[in-house]
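Letter by letter, the chains look like this.
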Amino acid sequence: MAKLYILNGPDKGSTFELADGPHYIGRSPENDIRIVDRTISRRHLKIIGRGGKYYIVDLQSMNRTFYNGNYMAPGLEQEVKPGIPIVIGMSVIGIGESCVEVISPFLDSIGLSGGAHKESGAFADHRNKSNQKKLELIYRVSDTLSAGLPVNKTLYALLGQIFDLLRRIDKGAFILTDSSRNRVTSVVSRSKRPSEQIPGKYCRQVIKRVLAEEKPLTVFNARAGQGDDLLDTLRILGIESVMCTPLMARSDLKGVMYVDSRKNPFGFRKDDLSLFVELSRRIALYLDDTGPLEYAV
């Protein structure tokens, strides 16, 4: 008999035994498993135990059920794979201890392990949708990293997924370096709207500083200060905001992940940085495992 774990939100840490047969999950106290999360429908999900395996069915929920990189079609039964979390509204649940070991540390790292937000109205709705998109991005990134594509195609696909989350970002790049950090070995870059031919390359001064200090660097508004060499350089390049994080695999620096906005300041929010740091860590470990960049023919 497996257990269901609630990995975030007001009921974080609760566990429920899953016997054979159906188990209904939702916000209403009439469910077998109640989760007090206003982004969850009154009756949201059904989990079915059958012969030692478990299956889930979305019950036409308002905010839907996100599993294994995609939203589930209502009424469609799908087997749950060990260790893969299930996102319902803004809550994350999982079957089996492997979900706790893998997913909980990540939720902590990007600040999504606490309770539901106390704000109300449109602001709360925007915040919940934004956080749900962050969860979706992590799962899609994980799928892409394990898809077995050539490394350059993998990194290019990851930039597209980042653009889907950060709508105001215009350009992104992975800049990979050798072990001495003095030589760029590979660059995979992407513009959000290639047809617009966004001018200019990434800011080398930002790259050098992040490589030297091994710390993230963010500039939310390049026009907000004067007399700073970095801000002056960004303005000359036509860059309004920039975020750059080191790709650290254990103690080995692989390069940096870089995004910027050419049209608007504040291309990202302050709480996006923790997400980028976590993404950079995962991508760096992937690069460490794959070795030198393998280009597709």
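As the structure is a prediction and not an experimental result, all values here were calculated from the model.

A.B. asks: Explain the overall build of the protein chain here, please?
C.D. replies: What the protein chain contains, in helices and strands, is six helices and 16 strands. Evaluated residue by residue, the protein chain yields a buried proportion of 49% over its 297 residues. Counting contacts in the protein chain only where the partners sit at least 6 residues apart, residues at least 24 apart contribute 57% of the total. Split by element, the accessible area of the protein chain, about 14300 Å² in all, is 50% carbon and sulfur.

A.B. asks: Help me understand the sheet that holds strand E2 (residues 15-18), please; the structure alone is not making it clear to me.
C.D. replies: What links the strands of a sheet is backbone hydrogen bonding, and the strands pair in either a parallel or an antiparallel sense. With antiparallel pairing, the six strands of this open sheet are ordered in space as E2-E1-E11-E10-E7-E8. Each edge of the open sheet carries a strand with a single partner, namely E2 and strand E8 (70-71). Pairing between strand E1 (residues 2-6) and E2: four bridges, direction antiparallel. Bridged to Lys3 within E2 is Glu17.

A.B. asks: Is there a simple way to think about the pairing of strand E12 (residues 171-177) in this case?
C.D. replies: Where a strand is regular, its side chains alternate between the two sheet faces. Within E12, seven of the seven residues are buried, which leaves the element mostly enclosed by the surrounding structure. Of the two faces of E12, the one holding Lys171, Ala173, Ile175 and Thr177 and the one holding Gly172, Phe174 and Leu176 are both buried throughout. As paired elements, E12 and strand E13 (residues 184-191) share seven bridges and run antiparallel to each other. Paired with Ala173 across the bridge in E13 is Ser189.

A.B. asks: Sorry, what's going on with the environment of Tyr67 here?
C.D. replies: As for its placement among the helices and strands, Tyr67 is situated in strand E7 (residues 65-67). Classification of Tyr67 by relative accessible area gives buried; the value is 2%. Taking the C-alpha atoms as reference points, Tyr67 and Val87, separated by 20 residues in sequence, lie 6.4 Å from one another. With near-sequence residues (within four places) excluded, Tyr67 lies in contact with Ile56, Met72, Gln78, Glu79, Val80, Lys81, Ile84, Pro85 and Ile86. A distance of 2.6 Å separates a polar atom in the side chain of Tyr67 from the backbone nitrogen of Lys81.

A.B. asks: What should I look at first to understand the packing of aromatic side chains in this one?
C.D. replies: The description of two aromatic rings rests on the distance between their centres and on the angle between their planes. Applying the stated rule across the entire model yields three aromatic pairs. Plain terms: the ring middles of Tyr202 and Tyr258 are 6.0 Å apart, the flat faces sit at 65° to each other, and that makes the pair edge-to-face. Residue Tyr202 is found in the loop between E13 and helix H4 (204-213), and its partner Tyr258 is found in strand E16 (residues 252-261); the two are separated by 56 residues along the sequence. The class for Tyr202 is buried, based on a relative accessible area of 11%. For the ring pair Phe220 and Phe268, a centre distance of 5.3 Å and an interplane angle of 50° mean the geometry is tilted.

A.B. asks: I tried to follow the pattern of salt bridges on my own but got confused; where do I start?
C.D. replies: Between side chains of opposite charge, a pair can form as their charged atoms come close. Overall, the coordinates contain ten salt bridges when judged by the stated rule. Two residues, Asp252 and Lys254, come together in a salt bridge whose shortest N-O distance is 3.1 Å. For Asp252, a relative accessible area of 32% corresponds to the partly exposed category. Residues Lys254 and Asp288 are paired through a salt bridge, measuring 3.1 Å at the closest nitrogen-oxygen approach. Here Lys254 is found in strand E16, whereas its partner Asp288 is found in helix H6 (residues 272-290), with 34 residues between them in sequence.

About the thresholds
Residues numbered from 1 in each chain as written. Predicted model: local features only at pLDDT ≥ 70, side-chain atom pairs only at ≥ 80, totals over all residues. Heavy atoms only, no water. Helix = DSSP H or I, 4+ residues; strand = E, 2+ residues; numbered from the N terminus. Buried < 20%, exposed > 50% of the residue type's maximum accessible area, 1.4 Å probe, protein only. Contact = heavy atoms within 4.5 Å. Areas by Shrake-Rupley, 256 points an atom, 1.4 Å probe, with all protein chains shown as cover. Pairing = 2+ DSSP bridges. Polar contact = N/O pair within 3.5 Å; in protein donor to acceptor, adjacent residues only side chain to side chain. Phe/Tyr/Trp six-rings, centres within 6.5 Å; stacked < 30°, edge-to-face > 60°. Salt bridge = Lys/Arg side-chain N within 4 Å of Asp/Glu carboxyl O.

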